There are 2 protein chains.
Amino acid sequence: MTPAGAAGTVGPVRVVGTGVLGTSIGLGLRAAGVDVVLHDPSRTSLLLARDVGAGRLPQDGDPDPRLVVVAAPPDVTPDVVAGELEAWPGAVVTDVASVKGAVLGPLRSSGADLTRYVGSHPMAGSERSGPTAGRPDLFIGRPWVVVGGPESTGDAVLRVRTLATDLGATPVMLDAGSHDAAVALVSHVPQVAASLVAARLVEGDPAALDLAGQGLRDVTRIAASDPALWTSILGANAGAVLPVLRALRADLDVVIEALGAADVARDAESVQEGALGTVAAAIAAGNDGVSRIPGKHGGQRRAYDVVTVLVPDEPGELARLLADVGSSGVNVEELQLEHAPSQPVGLASVSVLRGLRGQLEEVLTGHGWRLAG
Amino acid sequence: MTPAGAAGTVGPVRVVGTGVLGTSIGLGLRAAGVDVVLHDPSRTSLLLARDVGAGRLPQDGDPDPRLVVVAAPPDVTPDVVAGELEAWPGAVVTDVASVKGAVLGPLRSSGADLTRYVGSHPMAGSERSGPTAGRPDLFIGRPWVVVGGPESTGDAVLRVRTLATDLGATPVMLDAGSHDAAVALVSHVPQVAASLVAARLVEGDPAALDLAGQGLRDVTRIAASDPALWTSILGANAGAVLPVLRALRADLDVVIEALGAADVARDAESVQEGALGTVAAAIAAGNDGVSRIPGKHGGQRRAYDVVTVLVPDEPGELARLLADVGSSGVNVEELQLEHAPSQPVGLASVSVLRGLRGQLEEVLTGHGWRLAG
């Protein structure tokens, strides 16, 4: 369970902050044979991170670190980075906070040596927290945004890129403003929207909730996220989140106004010209937007055929299904499980490349599987 | 691939409208041995439905239908239902439109015999349309809302409930207003929200889209839905959708105002008292709402542990993983596939009941699987 390949990072690496991210970085570097020295203001957290194997405590006679990784809460990150830059004049310092302008701005004001600072944001997380949730493979296959400021030296950027690749991540170069605008659009605003849709369910009739389908479950899944964490993220990135939220509100106003003028049930004759067209345009714009999300392997999203199969809710049944799918020679592009209300059976939706649906259905039917629509 | 058990429905059943829903109802009833007579104003669609086995054409000397199922577009449904009630004085008539007040209101105004009318809404659909997309198993395991009006006789309600159970669905009794409010909350408003979030992506930088994770994909998945279909649904249910959309806008206004007063990055000292608390309350309300969505088997949503595994993108690999999971004796509660950008590997997130994570990880590691965080 270790990142593959030999490390390009030269130790010792100093990791400041032994939460789930700092511990995971330590574990991943240790697994690649890199010397890691840990620090945390909480002695309990520090010793726990050491005990799970994320690195060692500092010793007299240690060489100065070549790289410092600050994995502190976003609001204290600028001060911690400034302190580390001052304490280790030969080290490159990076941080892993999920907003970058809110770190770079205060750092620049503080007069810190920005030639040796490069921000980063590994696009990985865990639903758990603390050193014991750390995993050496947390970053494998994930994008790792590297934010070299105008002052950063090429060598400093290279050391942080190397850290990302040593941990199995894919480095993505962005400036701080582009990063913050990007995560506002693809992460922070979707989080707010999911939370607001889910909040409407608080007053919903239980009978209404019983009609919930996969659509509602998908839209609201991330609404289960931690309020304290998201408050700190949204507060730190308010400058980038607000314009997108305001544009969303303007679009919502348009839909509300159009629907008010298009109440077909109340009086079909009074539906205003253009009102239904406005509603259709909003849904069509959503089609356009969702088609821009890159699909598998970073390419354009591909259109799939979906085969839905009834799966008894018993250990081994899903495996048997997938084995039968495998025997058809058809690759599974996506797989979703859904559960029927009050029935001991699940619906597995298997997405396959267009044109392979018939072949797969024939094989599955031959193995006795019941298909649903 | 047929619904299980003997049919309680007595034929002939007349199905009016041979799109995907009408054809699927015909196929399901025919599979259960019920005589089905088809009608559609489009002769091509009618003959296609007959050719796929959904039923037969009317013949001289046919007995009158005992049950008529109107599967027409929502906007013409009231007129078609009224015509069928008048043409077949011995028949119970139902429809399958996804809004119910917009059907019942015009019917009542028309003076139709409502003792023999019972609305219904099978909570099933297909991403495809037309008779060739019909499937006898479309409704298996899905809720089927049965809307008996105050005038409906008990026998009429029973015939429609029996239709639902014959097709493998689970009948859910609701009045028209409750149904329309329910689908506004759990389906129509989430659709609008997903479309609006996705529409924001139209102007997004491609580099931003490259950072999209599973959260954005989940929130926007249903934004790929058909604009024409959704315009007709939203227009017909505007009365129930608008109050929820307005409440959503009010909540959004609160978040926008609070974030404007909580721009931590611009000036942490000027953050207004209470602003961050307001943001946190909005996210927390989302936690409360999402926890009300019933989980598997209709019970309360259960908390799962998630084990994430790296799966090579080749036929058979996912099957091998699921077989190894099966050998651990741990049941898969949920399964999600995610693909790493520019890498020929997928991440499979396997949800298992709390406490079984360690057991599963040990077995998978023993089989040589690489775990991710």
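Residues numbered from 1 in each chain as written. Chains lettered and ligands numbered in written order. Predicted model: local features only at pLDDT ≥ 70, side-chain atom pairs only at ≥ 80, totals over all residues. Heavy atoms only, no water.

### Notes on the overall build of chain A
Within chain A one finds 13 helices and 11 strands. Projected onto its principal axes, the C-alpha coordinates of chain A cover approximately 80 × 55 × 35 Å. Considering only contacts within chain A whose residues lie at least 6 apart along the sequence, 67% involve residues at least 24 apart. Working note: accessible area of chain A is about 14100 Å², and carbon and sulfur atoms make up 53% of it. (Helix = DSSP H or I, 4+ residues; strand = E, 2+ residues; numbered from the N terminus. Contact = heavy atoms within 4.5 Å. Areas by Shrake-Rupley, 256 points an atom, 1.4 Å probe, with all protein chains shown as cover.)

### Considerations on helix α6 (residues 176–199) of chain B
Residue and element names in this part refer to chain B. If you check α6, its first and last C-alpha atoms are 32 Å apart, about what 24 residues at 1.5 Å a residue would give, namely 34 Å. With 20 of its 24 residues buried, α6 lies for the most part within the structure. Measuring from the backbone nitrogen of Gly-177 back to the side-chain oxygen at the start of α6 gives 3.0 Å, which picks out Asp-175 as the cap. (Expected span 1.5 Å × (residues − 1). Buried < 20%, exposed > 50% of the residue type's maximum accessible area, 1.4 Å probe, protein only. Polar contact = N/O pair within 3.5 Å; in protein donor to acceptor, adjacent residues only side chain to side chain.)

### Quick look at the sheet that holds strand β4 (residues 92–95) of chain B
All names here are of chain B. Pairing within the open sheet is parallel, and its 4 strands lie in the order β2-β1-β3-β4. The sheet is open, and its two edges are formed by β2 (36–39) and β4, each paired on a single side. Within the sheet, the average angular offset between the axes of one strand and its neighbour, ignoring direction, is 20°. Bridging between strand β1 (residues 13–16) and β2 involves 4 bridges; their strand directions are parallel. Bridge assignment links Arg-14 to a residue of β2, and that residue is Val-37. (Pairing = 2+ DSSP bridges. Axes fitted to C-alpha atoms, helices over the stretch in contact; angles between N-to-C directions.)

### Topic: the pattern of salt bridges
Across all of its chains, the model carries 30 salt bridges over all chains by this definition. The residue B:Asp251 makes a salt bridge to A:Arg200 at a minimum N-O spacing of 2.9 Å. Placement of B:Asp251 in helix α10 (residues 238–260) and of A:Arg200 in the loop between α6 (176–199) and α7 (206–209) is noted, with the two residues assigned to different chains. In this structure A:Arg200 comes out as buried when scored by relative accessible area, which is 15%. Overlapping salt bridges bring together A:Asp35, A:Arg56 and A:Asp62 as one network. (Salt bridge = Lys/Arg side-chain N within 4 Å of Asp/Glu carboxyl O.)

### Describing the sheet that holds strand β3 (residues 67–70) of chain A
Residue and element names in this part refer to chain A. Spatial ordering of the open sheet is given by β2-β1-β3-β4, a layout of 4 strands whose pairing is parallel. Two strands bound the open sheet, and with one partner strand each, they are β2 (36–39) and β4 (92–95). The sheet shows a mean angle of 20° between the axes of neighbouring strands, taken without regard to direction.

### Observations regarding the side chain of A:Arg14
Residue and element names in this part refer to chain A. Relative to the elements of secondary structure, Arg-14 occurs in strand β1 (residues 13–16). At 2.8 Å, the side chain of Arg-14 forms a polar contact with the side chain of Glu-84. Ignoring sequence-local partners within four residues, the contact set of Arg-14 consists of Val-37, His-39, Pro-65, Leu-67, Val-68, Val-69, Glu-84 and Trp-88.

### Looking at the environment of A:Leu211
Summarising the element assignment, A:Leu211 is placed in the loop between α7 and α8 (214–220). For A:Leu211, the contacting residues outside a window of four places in its chain are B:Met123, B:Pro143, B:Val145, B:Val172, B:Leu174, B:Ala182, B:Val183 and B:Val186.

### Some thoughts on the domain arrangement of chain A
With domains assigned, chain A is organised as domain 1 (13–174), domain 2 (181–290) and domain 3 (304–372). Distance between the C-alpha centres of domain 2 of chain A and domain 3 of chain A: 32 Å. (Domains from an automatic or database assignment.)

### Focus: the packing of helix α10 (residues 238–260) of chain A against α10(B)
Each pair of packed helices can be described by the angle between their axes along with the distance between the axes. It is the contact of α10(A) with α10(B), at a shortest axis distance of 10 Å, that shows an interaxial angle of 160°. Taken together, the axes of α10(A) and α10(B) are roughly antiparallel relative to one another. Between α10(A) and α10(B) lies a crossing whose hand is left-handed. Contacts between α10(A) and α10(B) pair A:Ala238, A:Val241, A:Leu242, A:Leu245, A:Arg246, A:Arg249, A:Leu252, A:Asp253, A:Val255, A:Ile256, A:Leu259 and A:Gly260 from the former with B:Ala238, B:Val241, B:Leu242, B:Leu245, B:Arg246, B:Arg249, B:Leu252, B:Asp253, B:Val255, B:Ile256, B:Leu259 and B:Gly260 from the latter. Among the residues making up the contact of α10(A) with α10(B), the classes are represented as 16 nonpolar, 2 polar and 6 charged. (Parallel < 35°, antiparallel > 145°, perpendicular 65-115°, else oblique. Left-handed = near helix turned anticlockwise from the far one by under 90°. Nonpolar A, V, L, I, M, F, W, Y, C, P; charged D, E, K, R; others polar.)

### What about the interface of chain A and chain B?
With 139 residues of chain A at the interface, the matching set in chain B holds 140 residues. Summed over both sides, the interface of chain A with chain B buries roughly 12200 Å², with 66% coming from carbon and sulfur. At the boundary of chain A with chain B, the tally comes to 8 salt bridges. Here B:Asp218 ties to A:Arg221 by a salt bridge, and the two come within 2.5 Å at their closest N and O atoms. With 17 residues, the top contributor of residues to the side of chain A that touches chain B is α10(A). Across the side of chain A that touches chain B, the residue classes break down as 81 nonpolar, 30 polar and 28 charged. (Buried area = accessible area lost by both parts, 1.4 Å probe.)

### Considerations on the relation of the copies chain A and chain B
Expressed as a screw operation, the relation of chain A to chain B combines 0.0 Å of axial shift with a rotation of 180°, fitting to an RMSD of 0.0 Å. Accordingly, the operation relating the two chain copies is best matched by a two-fold axis. Of the C-alpha atoms belonging to chain A, the one lying closest to the rotation axis is found on A:Val219, 2.0 Å away. Of the interface residues in chain A, 100% have counterparts in chain B that sit at the interface too, so the contact is made through matching surfaces. (Least-squares fit on C-alpha atoms with pLDDT ≥ 70 in both.)

### Quick notes on the confidence of the model for chain A
On average, chain A scores 88 in pLDDT, and the residues at 70 or more come to 92%. A low-confidence stretch, residues 296–302 of chain A (pLDDT under 50), is modelled with 25 contacts involving residues beyond four sequence positions or located in other chains. (pLDDT = per-residue confidence, 0-100.)

### Considering unusual backbone geometry
Of note, the amide linkage connecting A:Gly11 to A:Pro12 takes the cis form, showing an omega dihedral of -5°. Inspection of the secondary structure puts A:Pro12 in the segment before β1.

### Some points on the environment of A:Gly17
All names here are of chain A. The residue Gly-17 is located in the loop between β1 and α1 (20–31) in this model. Between the C-alpha atoms of Gly-17 and Ala-238, which are 221 residues apart in sequence, the distance is 25 Å. In contact with Gly-17, not counting residues within four places along its chain, are Gly-22, Thr-23, His-39, Asp-40 and Ala-71.

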